[in-house]
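Structure assessment
Listed here are the chains, written in short residue letters.
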Amino acid sequence: MEQAKKMNMKEKYNAMTGDLAWDFSYKTEAEIFPLSDFEGIKIEDWSKWQDPFRLTMDAYWKYQGEKERKLYAVIDAFGQNNAHLGVTDARYINALKIFLTAVTPLEYGAHRGFAMTGRAFPGVGAQVASQMQSIDELRHAQTQLHTISQYNKYFDGLHDPFHMFDRVWYLSVPKSYFEDALSAGPFEFITAISFSFEYVLTNLLFMPFMSGAAYNGDMATVNFGFSAQSDESRHMTLGLEVIKFMLEQHPDNLPIIQRWIDKYFWRGYRLLGIVGMMMDYMLPKRVMSWKEGWEMYFEQNGKMLFDDLARYGITMPKFWEQSVEEKEHLTHQLWLTFYSYGHAAAFHTWIPDDSELDWLSEKYPNTFDKYYRPRLVYLREQEKLGKRFYNPSLPQLCQTCQIPMVYTDPKNPTKRVYRETIYNGDRFHFCSDACKEIFEHEPEKMSQAWLPPHQIFQGNCGGATIPDVLKHYHFTENDGGEFLHSRDNANWNLWKGLTPDEEAA
Amino acid sequence: MAVKAAYENYSGPNRDAVENFHGNQLVYLGWDEHMMFPCAGVFPLPPQMPFGAIIKEVVPSAFSLHPDFASIDWGKVEWLLDGKSFNPTLDKSLEDNGVNHKSLIRMITPGLNGINNSGF
């Protein structure tokens, strides 16, 4: 018997992807892929879909398995060596609390979404790429949980991320972003997540957390970052290929895709505000300021990307200029917001020390000393007098981004922006023209937003008082509030043999 | 514009319809130039409640922690209702004052503009 010749990479890729597709005999394509055309995207030839990585399933399992083995060896070593004591100080852990409660559930959401696109797209190349990314995202959710669970043994606020994600007021911001995409069609989902999130904005999500981990002695998270990095670069490449593929398939696709880019750029930018706040306020050793990050990753790199896409007719996302106008105010306003609602958060807040205030002055020369330093100093003095400030009322949220309506006019930063519209006789409120426009394009959908303060008053969140609601969120008495008075801080001082003054400095 | 959906005549519930609030309506209340309260607060209030009760009960529960609060001259406070200047009649109900479900009331206190006049 003659032995078959070994296949080369290209033959193998074709055999392991394209050739896996079925020809349908007793159902029509429209019956099998009912979600493929309602969004208006026209695909004439799915075989034009190119996977730049030509990754086949057998190779995929092999690579991922190797990465898992390495990661779990590091996690084991971390636990055995009490490596949680190696971080800069206990304030750093609060960045991980945000990551675990706000980002890890998004990985799981992406897993669900790509499982959906893998089923919904009629082209086999897109199905296989979606399937791999779906498994990647599930792996990321799991490896993040396993990595950060090391810290859960020693610190508060890390014990119930998925329960919190579905209920907590500020976690409705990332949740609603993803659910907006998940409840749309497959093309909108993949534009929202693969392109706007993974390609345009991911550097501003991953870089601050992973570099922040490295700067602050968190080797477990750094290792998770390494383990996910090759997946992320595959996802970014897919994001760009998807956009180009759709644009090349039919000219009618352009305005639809541009609108999705506009929408998810803005929603993603609003979502990233919390990351910016983490960069400027929560990392004891800072990597770069939000302003520097936005300039480098969006104003420079993002601009180059959109210059490249100009040949397809794509323009910079609408309202991008506003993100630039806001960059010297955004993180200060958000940190002050979380500080004032610190009694209802599952992470700690605090006033930066003097050297950190100086760093902020240097990074924000036009705004920090003028507007924000005096506020922080005032609140610090109040705390010293035993009058730690907490805002007693529930916040008014933007109907679209679900962030409290704290944003101000950059030209007049003590004036809040209020926008509203009437739909079906009811009034809806927005933090910006962009959020208002997103609502007005799809009011049937956006008017269904599950806004946590309103849900509390409807009686759906465990009761009418703040303790009832926090119990419903599964918060413990140690999860939130002022860092100085936290159990995390007391334990840290005990473990490190520090007096409170040494620690806070 | 309308949402593009997988089937025709897509619609869903208005999750914050006034009927869902057990006889109350939502009212938002903000204090301009006092960014210590970073955003307006939201309150479930009976539509029959007199506007004066907002001043007596709701406003203090929201804003009394601010050092400017004790100095407010209530005769000089200016009000905005849904973006328009507004003179409330204190013994009339919210409803009769035109304060509807999800109305936004903004309070302006001339001469009192936050700590050291900073807007905070």
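Residues numbered from 1 in each chain as written. Chains lettered and ligands numbered in written order. Predicted model: local features only at pLDDT ≥ 70, side-chain atom pairs only at ≥ 80, totals over all residues. Heavy atoms only, no water.

Across its full length, chain B carries one helix and five strands. Against the compact-globule benchmark of 14 Å for 120 residues, chain B has a radius of gyration of 17 Å, which places it well outside the compact range. The burial tally for chain B puts 52% of its 120 residues in the buried class. Considering only intrachain contacts with a sequence separation of at least 6, the fraction spanning at least 24 residues in chain B is 67%. Total accessible area on chain B stands at roughly 5,700 Å², and carbon and sulfur atoms take up 50% of it. Measuring between centres, the 8 positive side-chain charges of chain B sit 5 Å from its 13 negative side-chain charges. (Helix = DSSP H or I, 4+ residues; strand = E, 2+ residues; numbered from the N terminus. Rg over C-alpha atoms; globule rule 2.2 N^0.38 Å. Buried < 20%, exposed > 50% of the residue type's maximum accessible area, 1.4 Å probe, protein only. Contact = heavy atoms within 4.5 Å. Areas by Shrake-Rupley, 256 points an atom, 1.4 Å probe, with all protein chains shown as cover. Lys, Arg positive; Asp, Glu negative; His and termini not counted. Charge placed at Lys NZ, Arg CZ, Asp CG, Glu CD.)

Read across the sheet, six strands follow the order S1(A)-S2(B)-S1(B)-S5(B)-S3(B)-S4(B) without closing on themselves; strand pairing throughout is mixed. Of all the strands in the sheet, the pair left with one neighbour each is strand S1 (394-395) of chain A together with strand S4 (84-86) of chain B. Two elements, strand S1 (residues 25-31) of chain B and strand S5 (residues 103-108) of chain B, share five bridges in a ladder whose sense is parallel. Within S5 of chain B, the residue paired with Gly30 of chain B across the bridge is Arg106 of chain B. (Pairing = 2+ DSSP bridges.)

So, on to unusual backbone geometry. All names here are of chain B. In this structure, His22 is a non-glycine residue whose phi angle is positive, near 55°. When you line up the elements, His22 lands in the segment before S1. Residue classification places His22 among the exposed positions, given a relative accessible area of 60%. Of note, the phi angle at Asp82 is positive, near 50°, even though the residue is not glycine. Relative accessible area serves as the criterion here: at 14%, Asp82 is assigned to the buried category.

Right, let's talk about the interface of chain B and chain A for a bit. Facing the 48 residues of chain B at the interface are 50 residues of chain A. Contact between chain B and chain A buries roughly 4,200 Å² in total, counting both sides, with carbon and sulfur atoms accounting for 56%. For the pair chain B and chain A, the interface holds two salt bridges. Between Glu33 of chain B and Lys415 of chain A there is a salt bridge; the shortest N-O distance is 3.3 Å. Inspection of the chain B/chain A interface yields 21 residue pairs in polar contact (both at pLDDT 80 or more). Elements that contribute at least two residues to the side of chain B that touches chain A include exactly S1, strand S2 (41-45), helix H1 (51-63) and S5 of chain B. Sheet topology places S1 of chain A next to S2 of chain B; two bridges connect them, and they run antiparallel. Paired with Leu394 of chain A across the strands is Val42 of chain B, a residue of S2 of chain B. (Buried area = accessible area lost by both parts, 1.4 Å probe. Salt bridge = Lys/Arg side-chain N within 4 Å of Asp/Glu carboxyl O. Polar contact = N/O pair within 3.5 Å; in protein donor to acceptor, adjacent residues only side chain to side chain.)

A separate point is the environment of Thr337 of chain A. Residues and elements named next belong to chain A. Tracing the sequence through the fold places Thr337 in helix H14 (residues 330-340). Looking at Thr337, the relative accessible area reads 3%, which means it is buried. When the C-alpha atoms of Thr337 and Leu96 are compared, they prove to be 19 Å apart, with 241 residues separating the residues in sequence.

Another aspect to go through is the side chain of His34 of chain B. Considering the arrangement of structural elements, one finds His34 of chain B in the loop between S1 and S2. By relative accessible area, which is 0% here, His34 of chain B ends up buried. Here the side chain of His34 of chain B touches Gly114 of chain B through a polar contact of 3.3 Å, landing on its backbone nitrogen. Apart from the residues lying within four places of it in its own chain, the contact partners of His34 of chain B are Arg416 of chain A together with His66, Asp68, Thr109, Leu112, Asn113, Gly114, Gly119 and Phe120 of chain B.

With that settled, the discussion passes to the nonpolar core. All names here are of chain A. Among the nonpolar cores identified, the biggest contains 183 residues, and Tyr170, Phe209 and Trp294 are the most heavily contacted of them. The dominant element in this core, judged by the number of residues it contributes, is helix H11 (residues 253-282), at 17 residues. Leaving out residues up to four positions away in the same chain, Phe209 has contacts with Ala95, Ile98, Phe99, Val103, Val275 and Met278. Leu55, Met57, Tyr60 and Val128 belong to the second largest nonpolar core, which has six residues in total. (Core = buried A, V, L, I, M, F, W, Y, C linked by side-chain atoms within 4.5 Å.)

This paragraph deals with the pattern of salt bridges. Residue and element names in this part refer to chain A. Considering all chains together, one arrives at 39 salt bridges over all chains under this definition. The shortest N-O distance in the salt bridge between Arg234 and Asp231 comes to 3.1 Å. Here Arg234 and its partner Asp231 are both found in helix H10 (residues 219-249), three residues apart, which amounts to about one turn of the helix. Given the relative accessible area of 12%, Arg234 is considered buried. Asp433 serves as the salt-bridge partner of Arg419, at 2.6 Å between the closest nitrogen and oxygen. You can see Arg419 sitting in strand S4 (residues 419-423) and its partner Asp433 sitting in helix H17 (residues 433-441), a full 14 residues away along the chain. One network of salt bridges, in which partners are shared, links Lys67, Glu68, Asp136, Arg139, Asp231 and Arg234.

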